[in-house]
Amino acid sequence: MAKLRSQQWFGKEGKDGFIYRAWMKNQGIPSDEFEGKPVIGICNTWSELTPCNGHLRELAEFVKKGVWEAGGFPLEFPVMSLGETLMKPTTMLYRNLASMDAEESIRGNPLDGIVLLGGCDKTTPSILMGACSVDLPTVFLSGGPMLAGKHKGKSIGTTDIWKFSDANRKGELSQEEFVEIEAGMCRSDGHCAVMGTASTMACMVESLGVTLPHNAAIPASDSRRKVLAHLTGRRIVDMVKEDLKLSKILTRKAFENSIMVNAAVGGSTNFVVHLLAIAGRIGVELNLEDFDKFSEEIPLLANLQPSGDHFMEDLYYAGGLPAIIKELKKQLHKGVVTANGKSLLENAEDATCYDRNIIESVESPFKDDSGIAVVKGNLCPNGGIIKPSAATPALMQHKGKAYVFETVEEYKATIDSPDLEVDKTSVLILKNAGPKGYPGMPEVGNIGLPKKMLDQGVTDMVRISDGRMSGTAFGTVILHVSPESAVGGAFGLVKTGDLIELDVPNRKLTLHVSDEELTLRRKDWEAPDLGVNRGYVKMYIDHVEQAHEGVDLDFLKGGSGSEVSRDSH
Ligand code: FES
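Residues numbered from 1 in each chain as written. Predicted model: local features only at pLDDT ≥ 70, side-chain atom pairs only at ≥ 80, totals over all residues. Heavy atoms only, no water.

**Let's talk about the overall build of the protein**
Turning to step 1, where the next piece is worked out: Within the protein one finds 20 helices and 14 strands.
Turning to step 2, where the next piece is worked out: The C-alpha radius of gyration computed for the protein amounts to 24 Å, which stays within 12% of the reference 25 Å derived for 569 residues, consistent with globular compactness.
Turning to step 3, where the next piece is worked out: Dimensions along the principal axes, computed over C-alpha positions, put the protein at roughly 75 × 55 × 50 Å.
Turning to step 4, where the next piece is worked out: Sequence separation of 24 or more characterises 76% of the internal contacts of the protein that already satisfy a separation of 6 or more.
Turning to step 5, where the next piece is worked out: Surface summary for the protein: the accessible area is close to 22100 Å², and the carbon and sulfur share equals 50%.
Turning to step 6, where the next piece is worked out: Counting 62 positive and 77 negative side-chain charges, the protein places the averaged centre of each group 3 Å from the other. (Helix = DSSP H or I, 4+ residues; strand = E, 2+ residues; numbered from the N terminus. Rg over C-alpha atoms; globule rule 2.2 N^0.38 Å. Contact = heavy atoms within 4.5 Å. Areas by Shrake-Rupley, 256 points an atom, 1.4 Å probe, with all protein chains shown as cover. Lys, Arg positive; Asp, Glu negative; His and termini not counted. Charge placed at Lys NZ, Arg CZ, Asp CG, Glu CD.)

In structure tokens, the structure reads:
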């Protein structure tokens, strides 16, 4: 084994070495721990403000057991946590900030290997992005999904919130029952129990190969999640000895495998911006078209909400992600190494599907449509995306008149008005929800339908936005329109009444307004004044990239490695 990085601190003689060790000893650490054991940093996004990660301190204790057992020296440290349900205006505004915290905390400290602990949506990509920019041996451990919620004997999950909310707005569900449902929705540790963004991210890290097998689906409250934590702790010590860095695992083929697996599980549209950002950090070329290209031949195999009926715990009982990976053995790249030293497909060799209602086969899939479709046209020259499995087939080719909401506040103030000039063929446009324009690209793209349409029994309409949508949401929604309205793209010039044509089979999104008219409109267009003049948000607005590039800050692309040339004393 090469000389450990941590020895640049703990192996020093004289005053510096004294200071590095002496203060650590106030935590009751014997001298020999500093004498050449791999030091494993446990990068923890635990926070009481991130309820989905509330159990991660307990899980870290099981990681530590494994690290000690394998001859390592574990040190847990906190990083910024992003709680999806509480944080305003949107956690996406802070994903890059959290990634900077993880990156600098890892690089600046005497660590040889890293275990990343995340769960709630952005906590996974943020710390993985940061770790990529340092590139030490690193393994990810997700917190695991919650058990399915329960209400009146039925399973419920995050996806149902939209249905309960619409029923409440229509007066079909009393306020009393609405509040009662809250108590049964999140009844255990863990992140959202459906294939929302958190579960998508957990599948992403497993399919990229940066976790041990079964990371994605073991429920948070299942004792086997603790066993996985223990084994992850053991394994990272060997990864340090093998110098199995992230850049050896995160190859172009690993990203392609992940896109295929994401299609098979019906992962969230947020997968796109996060995978692009991770690829940018580790130096792998990846573009929007890759998501369409590599998911095109992959059917939807997992019958999980929001595209299907079941929950993440059901996926685990049915065989877990390895059973899905095994189904894709003809499509996935072989020989792509993962954290345990075996390839993704080798890890799935012994997997078994125990329930064909949950994991269907490639020959007889749950749905033929899967993955992410990328549409382009004069409305979005750099692309927009849609998740076909969550959309209404009849609306995939649709022509209708635009109804424009300039901001999400305007939408909220007017959507229930009986005078709203829309019918079921209208195309609802939400502007100023992009990376710069909101700022932070919130999950508002799947705006609810106008009350007058709900009253008529309409269940879906085409909606287009430069924002994102929750991974637990559904509908015929075009998202991530690039360039966004706030930077002067054609999307910012759409007016109510314009004719818009969506053609997903042919990957087109067209604004039927002449170039001459758009040029005239552009002369009157003004960038929104967000009134932000200081702090992180100012830096974010000045440097954030567009959706098709991953929404990272331009100066964070790539990495700076793990070397630190100057001492602190
Ligand atoms: Fe944390 Fe859904 S709110 S994963």
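**Description of the sheet that holds strand β2 (residues 73-78)**
Turning to step 1, where the next piece is worked out: Spatially, four strands are ordered β2-β1-β3-β4 in an open sheet, and the strand pairing comes out parallel. The open sheet has two edge strands, β2 and β4 (138-142), and neither has a second partner. Geometrically, the sheet is characterised by an average inter-axis angle of 20 degrees between neighbouring strands, direction not taken into account.
Turning to step 2, where the next piece is worked out: Pairing between strand β3 (residues 113-118) and β4: five bridges, direction parallel. The residue bridging V115 from the neighbouring strand is V139, located in β4.
Turning to step 3, where the next piece is worked out: Against the sheet, helix α5 (residues 123-132) engages β1 (39-44), β3 and β4, with an angle of about 160 degrees to β3. (Pairing = 2+ DSSP bridges. Axes fitted to C-alpha atoms, helices over the stretch in contact; angles between N-to-C directions.)

**Examining the pattern of salt bridges**
Turning to step 1, where the next piece is worked out: Considering all chains together, one arrives at 32 salt bridges under this definition.
Turning to step 2, where the next piece is worked out: Its salt-bridge partner being D455, residue K451 comes within 3.4 Å of it at the nearest N-O pair. Residue K451 and its partner D455 are located together in helix α18 (residues 451-455), separated by four residues, close to a single helical turn.
Turning to step 3, where the next piece is worked out: On the basis of relative accessible area, K451 is assigned to the partly exposed category, the value being 26%.
Turning to step 4, where the next piece is worked out: Connected via shared salt-bridge partners are E103, E104, R107, R281 and D552. (Salt bridge = Lys/Arg side-chain N within 4 Å of Asp/Glu carboxyl O. Buried < 20%, exposed > 50% of the residue type's maximum accessible area, 1.4 Å probe, protein only.)

**Notes on the packing of aromatic side chains**
Turning to step 1, where the next piece is worked out: In this structure the tally under the stated criterion is 10 aromatic pairs.
Turning to step 2, where the next piece is worked out: Seen from their ring centres, F34 and F73 are 5.6 Å apart, and the 90 degrees between their planes marks the pair as edge-to-face. Of this pair, F34 sits in the loop between α2 (14-22) and β1 while F73 sits in strand β2, and the two are 39 residues apart along the sequence.
Turning to step 3, where the next piece is worked out: For F34, a relative accessible area of 2% translates into the label buried.
Turning to step 4, where the next piece is worked out: On the basis of relative accessibility, which here comes to 1%, the residue F73 falls in the buried class. (Phe/Tyr/Trp six-rings, centres within 6.5 Å; stacked < 30°, edge-to-face > 60°.)

**Describing empty space enclosed by the protein**
If a probe the size of a water molecule is rolled over the atoms, the empty space left behind becomes visible.
Turning to step 1, where the next piece is worked out: Enumeration according to the criterion identifies one cavity of 30 Å³ or more in this entry.
Turning to step 2, where the next piece is worked out: Estimated volume of the largest cavity: approximately 70 Å³.
Turning to step 3, where the next piece is worked out: Of all elements in the fold, only α15 (320-327) and α16 (344-348) reach the threshold of two or more residues within the lining of the largest cavity.
Turning to step 4, where the next piece is worked out: Of all the elements, α16 adds the most residues to the lining of the largest cavity, at three residues.
Turning to step 5, where the next piece is worked out: Classifying every residue of the lining of the largest cavity gives six nonpolar, three polar and one charged. (1 Å grid on protein atoms, 1.4 Å probe; cavity = no way out; pocket = protein on both sides within 12 Å on 5 of 7 lines; lining within 4 Å. Points joined across faces, edges and corners; volume = space filled by probe spheres on them. Nonpolar A, V, L, I, M, F, W, Y, C, P; charged D, E, K, R; others polar.)

**As for the pairing of strand β8 (residues 380-386)**
The side chains of a regular strand alternate between both faces of the sheet.
Turning to step 1, where the next piece is worked out: Most of β8 sits out of view: five of its seven residues are buried.
Turning to step 2, where the next piece is worked out: When strand β7 (residues 373-377) meets β8, the two strands line up antiparallel, connected through four bridges. The residue of β8 that forms the bridge with V374 is I385.
Turning to step 3, where the next piece is worked out: In sequence, β7 turns back onto β8 through a hairpin of two residues.

**A short note on helix α6 (residues 160-169)**
Turning to step 1, where the next piece is worked out: Listing the buried residues of α6 in full gives D160, F164 and A167. Along α6, the residues classed as buried sweep out an arc of 65 degrees about the axis, all on the same side.
Turning to step 2, where the next piece is worked out: G171 occupies a position one or two residues after α6 and carries a positive phi of about 80 degrees. (Arc of directions from axis to C-beta.)

**Some thoughts on the pairing of strand β14 (residues 508-511)**
Turning to step 1, where the next piece is worked out: Only one face of β14 is buried, namely the one carrying L509 and L511, since none of K508 and T510 on the opposite face is buried.
Turning to step 2, where the next piece is worked out: Strand direction decides the pairing type here: strand β13 (residues 499-503) and β14, joined by four bridges, are antiparallel. Bridge pairing links L502 to L509 in β14.
Turning to step 3, where the next piece is worked out: Here β13 folds back onto β14, and the loop between the two strands holds four residues, one of which, R507, carries a positive phi near 60 degrees.

**Looking at helix α8 (residues 197-208)**
Turning to step 1, where the next piece is worked out: With 12 residues, α8 ought to run about 16 Å at 1.5 Å a step, and its terminal C-alpha atoms sit 16 Å apart, in line with that.
Turning to step 2, where the next piece is worked out: Within the span of α8, buried status applies to T197, A198, S199, T200, M201, A202, C203, M204, V205, E206, S207 and L208.
Turning to step 3, where the next piece is worked out: G209, located one to two residues past α8, shows a positive phi value of around 95 degrees. (Expected span 1.5 Å × (residues − 1).)

**Details of the layout of surface pockets**
Turning to step 1, where the next piece is worked out: Considering only enclosed or pocket space, the second largest pocket measures out at about 570 Å³ in volume.
Turning to step 2, where the next piece is worked out: In terms of lining residues, the second largest pocket is bounded by 25 residues, among which F10, M24, L75, N109 and P110 are the most central.
Turning to step 3, where the next piece is worked out: Secondary structure elements with two or more residues in the lining of the second largest pocket: α1 (7-10) and β2.
Turning to step 4, where the next piece is worked out: Examining the composition of the lining of the second largest pocket, we find that five residues originate from one element, β2, more than from any other.
Turning to step 5, where the next piece is worked out: Its residues placed into classes, the lining of the second largest pocket shows 14 nonpolar, seven polar and four charged.

Functional significance is not addressed by these values, which are geometric in nature.
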